[in-house]
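Single-letter residue listing:
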Amino acid sequence: MFRILLLIWLLLISIGSGANISHAQTLSSTTSIFRDLGIELLDPIADRYYVWDAILIRGRVTDSRAYALIYLKNITTGESISELADTSTTGEFSYPLPLPLSEWNYSLVIASGNSFNTTIHYTIELVANKTPPVPVTSESIRPIFVPTPSPYLSIGPDLWANMTIEQGRKIYKTQGKILSLAGLSLQYGPARISLQGYRLTSPSSLDRSTASGASWTGSVYIDRTRDRIGRDAVSLRVLRSVATMQLRIPQWKKVKSDYYLTTPSGDVIEGKFAPQYIASDGYLKNGINIRQSFSIMENGVYKIEAVSNNGYAYFNLPISRSQFYSVVVPVSDTDRDILRSDLSSVTTSVLASINIVRRWLGRPAVSIDPILANLAQAKATDMATYNYVWHTTHDGLDIIEFATSKNISVIGTIGENVAWGNVSDKSLQDWLEESGSHRSNMIDLDWWHVGIGYVLRNGRTYLVQIFGK
């Protein structure tokens with residue numbers, strides 16, 4: 001009730017024109033402009049945007065308040081937008097702010113819950129989009145779903161796009177860096193998303209490069225996560241910020257004692273089941289009731305995964321603290337059916353996908369190492385030759401022993417992801433990203449390099465990723 005009243009109060013505030021922030025102010029300095037209001041921005045804000053655009057406002061509340069206030073007002077007409085952005089346990093927030101449709105100057109205020117002050121504001125100018133945009137050259141501008149209380153699809157910080165989402169007879173169009181799902185009358189079920197993207201050379205959508213290039217069209221599935229989810233012998237229940245998992249492992253199954261929790265922000269937390277549930281062979285005990293609880297502090301959709309001894313997921317289930325949109329964005333329809341045989345193209349594509357995941361978490365990119373690449377290709381060839389997918393080869397060698405047998409010298413520890421299927425390499429990469437145990441290898445800060453191996457044989461694809469320093 002307090003937040004509703006506060007929001008109404010903000011709508012009645014009269015903000016003066018004040019002294020406009022100079023357009024010559026450097027972008028980097030905008031991250032600290034609201035510091036006295038309890039806000040440290042994580043990304044700079046430009047001073048000019050297009051109407052119909054949107055600003056993805058990312059910041060941190062520095063005075064322990066549970067939310068940030070975002071206030072935008074037309075200096076001439078007095079029309080305003082007022083929003084609340086909930087913070088995570090670290091005080092960070094991420095909010096997609098759709099901009100008004102009218103060209104003019106606007107005053108922007110971002111403040112913590114108890115520091116609102118209209119004398120500290122930043123002026124942005126909205127202008128009409130009258131110049132033809134220039135397409136982006138990237139191979140894929142596949143959107144990433146961000147499950148915040150105001151869920152949205154993002155195409156990355158350095159891109160800008162015309163976006164369309166279609167469901168039945170309903171068509172929604174927007175343009176900018178994000179496609180906000182908040183306020184759209186979406187139903188549960190399939191939808192279509194189309195993007196025409198452009199490369200940005202600054203945070204402002206007014207400044208584009210002169211590249212040539214690409215669009216993306218694909219299917220998505222709109223769903224709502226549930227607080228109670230049952231899958232066979234596994235059940236999950238969420239009470240406030242604690243999730244409890246209950247399961248019983250059948251006698252014929254071996255399940256590892258580790259589990260992987262993928263957070264709404266895309267990070268992976270590795271956990272271990274309680275000691276009383278672990279057998280002497282290191283796997284979970286069979287035929288007993290296993291109960292494990294863990295904290296889920298972020299708003300949004302988590303995924304919990306446990307892995308069988310054969311490397312496949314025993315289960316990989318969604319969890320949510322509350323009711324949020326869950327959007328599954330597969331590879332595009334065209335890419336799903338293309339089984340590529342060119343190793344160079346696949347290597348470029350897989351490396352780009354891995355680094356997109358790492359960049360989203362603020363982690364440095366990995367680069368191709370020729371030794372790891374040779375090892376990965378040798379392993380992919382061995383898998384294709386003997387028709388298997390596993391970390392141990394057909395003759396019982398682990399990856400280090402396999403490297404020695406091929407006279408490939410590997411120094412230090414390495415991590416290995418393997419996948420196969422009668423699907424494209426992009427589908428395999430999607431599966432690996434959705435698996436917490438494999439995703440943890442992709443985002444591990446210990447890895448600086450990667451080798452990618454790939455073979456297409458008899459309509460089946462074999463993909464290997466080996467990470468190391």
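As the structure is a computational prediction, the values presented were derived from the model and not from experiment. (Residues numbered from 1 in each chain as written. Predicted model: local features only at pLDDT ≥ 70, side-chain atom pairs only at ≥ 80, totals over all residues. Heavy atoms only, no water.)

## Examining the packing of aromatic side chains
- Within this structure, the stated rule accounts for 3 aromatic pairs.
- Pairing Tyr259 with Phe273 gives two aromatic rings, centres 5.4 Å apart and planes at 75°, and the pair type is edge-to-face. Of this pair, Tyr259 sits in strand E19 (residues 255-262) while Phe273 sits in the loop between strand E20 (268-272) and strand E21 (290-295), placing them 14 residues apart in sequence. Summarising the burial analysis for this pair, Tyr259 and Phe273 share the class buried.
- Look at Tyr259 and Phe294: their rings are 5.6 Å apart centre to centre, the planes differ by 35°, and that puts the pair in the tilted class. Within this pair, whereas Tyr259 is found in strand E19, its partner Phe294 is found in strand E21, the two being separated by 35 residues in sequence. The same class applies to Tyr259 and to Phe294, which are both buried. (Phe/Tyr/Trp six-rings, centres within 6.5 Å; stacked < 30°, edge-to-face > 60°. Helix = DSSP H or I, 4+ residues; strand = E, 2+ residues; numbered from the N terminus. Buried < 20%, exposed > 50% of the residue type's maximum accessible area, 1.4 Å probe, protein only.)

## Brief notes about helix H7 (residues 436-443)
- Counting buried residues along H7, 8 of its 8 residues qualify, which places the element largely inside the surrounding structure.
- Buried within H7 are the following residues: Gly436, Ser437, His438, Arg439, Ser440, Asn441, Met442 and Ile443.

## What about the pattern of salt bridges?
- Considering all chains together, one arrives at 10 salt bridges under this definition.
- Note that Asp425 and Arg340 form a salt bridge whose closest N and O atoms lie 2.8 Å from each other. Here Asp425, found in helix H6 (residues 425-434), pairs with Arg340, found in the loop between helix H2 (333-336) and helix H3 (343-360); they are 85 residues apart in sequence, far enough to count as distant.
- Between Glu416 and Lys379 there is a salt bridge, with its nearest N and O atoms 2.7 Å apart. (Salt bridge = Lys/Arg side-chain N within 4 Å of Asp/Glu carboxyl O.)

## Some remarks on the sheet that holds strand E3 (residues 54-61)
- If you walk across this open sheet you meet the 3 strands as E1-E3-E6, and the pairing is antiparallel. Either end of the sheet is taken by a strand with one partner, and the two such strands are strand E1 (39-41) and strand E6 (92-98). Each neighbouring strand pair of the sheet contributes to a mean axis angle of 35°, computed without reference to strand direction.
- For E1 and E3, the ladder comprises 3 bridges, and the chain directions are antiparallel. Paired with Ile39 across the bridge in E3 is Val61. (Pairing = 2+ DSSP bridges. Axes fitted to C-alpha atoms, helices over the stretch in contact; angles between N-to-C directions.)

## Here we look at unusual backbone geometry
- Positive phi outside glycine occurs at Asn387, with the angle close to 55°.
- Of note, Asn387 is situated in the loop between helix H4 (370-386) and helix H5 (399-405).
- One non-glycine residue, Asn458, lies in the positive phi region at around 55°.
- Assignment of secondary structure puts Asn458 in the loop between strand E27 (449-457) and strand E28 (460-468).

## What about the sheet that holds strand E5 (residues 80-86)?
- The mixed open sheet is built from 5 strands, whose spatial order is E2-E8-E7-E4-E5. Sheet topology places strand E2 (48-50) and E5 at the edges, where each strand pairs with a single neighbour. Averaged over all neighbouring strand pairs, the angle between strand axes comes to 25°, with direction disregarded.
- Relative to strand E8 (residues 122-127), E2 runs parallel, the two sharing 3 bridges. Along E8, the bridge assignment pairs Tyr49 with Leu126.

## Structural notes on the environment of Glu433
- With respect to the helices and strands, the residue Glu433 is situated in helix H6.
- A sequence separation of 79 residues divides Glu433 from Ile354, and the C-alpha atoms of the two residues are 8.3 Å apart.
- Apart from the residues within four sequence positions on either side, Glu433 is in contact with Ser353, Val357, Arg439 and Met442. (Contact = heavy atoms within 4.5 Å.)

## Remarks on the nonpolar core
- By size, the foremost hydrophobic cluster in this structure holds 33 residues, and its most contacted members are Phe34, Ile110 and Ile124.
- Among the elements of the structure, E1, E3, strand E4 (67-74), E6, strand E7 (104-112) and E8 are those that each provide at least two residues to this core.
- For this core, the element with the highest residue contribution is E4, accounting for 6 residues.
- Aside from chain neighbours lying at most four places away, what touches Ile124 is Ile45, Ala46, Asp47, Tyr49, Ile55, Leu72, Leu99, Trp104, Asn105 and Tyr106.
- Among the nonpolar cores identified, the runner-up in size contains 22 residues, and Tyr260, Leu351, Ile443 and Trp447 belong to it. (Core = buried A, V, L, I, M, F, W, Y, C linked by side-chain atoms within 4.5 Å.)

## Notes on the pairing of E3
- The pairing of E3 with E6 spans 7 bridges and is classified as antiparallel. Its bridge partner lying in E6, Ile55 is registered against Leu97.

## Remarks on H4
- With 17 residues, H4 should cover 24 Å at 1.5 Å per step; its first-to-last C-alpha distance of 24 Å lies within 8% of that length.
- Looking at H4, one finds that the buried residues are Leu372, Ala373, Leu375, Ala376, Ala378, Lys379, Ala380, Asp382, Met383 and Ala384.
- Of the surrounding elements, those touching the buried residues of H4 are strand E25 (367-368), H5, strand E26 (415-421), E27 and E28.
- Measuring from the side-chain oxygen of the N-cap residue of H4 to the backbone nitrogen of Ile371 gives 3.0 Å; that N-cap residue is Asp369.
- Asn387 lies just past H4 and shows a positive phi near 55°. (Expected span 1.5 Å × (residues − 1). Polar contact = N/O pair within 3.5 Å; in protein donor to acceptor, adjacent residues only side chain to side chain.)

## Considering the confidence of the model for the chain
- With 74% of its residues at a pLDDT of 70 or more, the chain shows a mean pLDDT of 77.
- Averaged over each element, pLDDT in the chain is lowest for helix H1 (residues 2-11) (33) and highest for E27 (95).
- Confidence over residues 1-27 falls short of pLDDT 50; this stretch has 45 contacts with residues more than four positions distant or in other chains.
- Scored below 50 in pLDDT, residues 224-232 shows 27 contacts in the model against residues more than four places distant or in partner chains. (pLDDT = per-residue confidence, 0-100.)

## Details of the side chain of Arg358
- As for its position among the elements, Arg358 is in helix H3.
- Here Arg358 sits buried without a salt bridge, and the closest side chain of opposite charge, Asp444, lies 6.7 Å off (N-O distance).
- In this structure, Arg358 is in contact with Arg363, Pro364, Ala365, Val366, Met442, Ile443, Asp444, Leu445 and Trp447, ignoring residues within four places of it in sequence. (Lys, Arg positive; Asp, Glu negative; His and termini not counted.)

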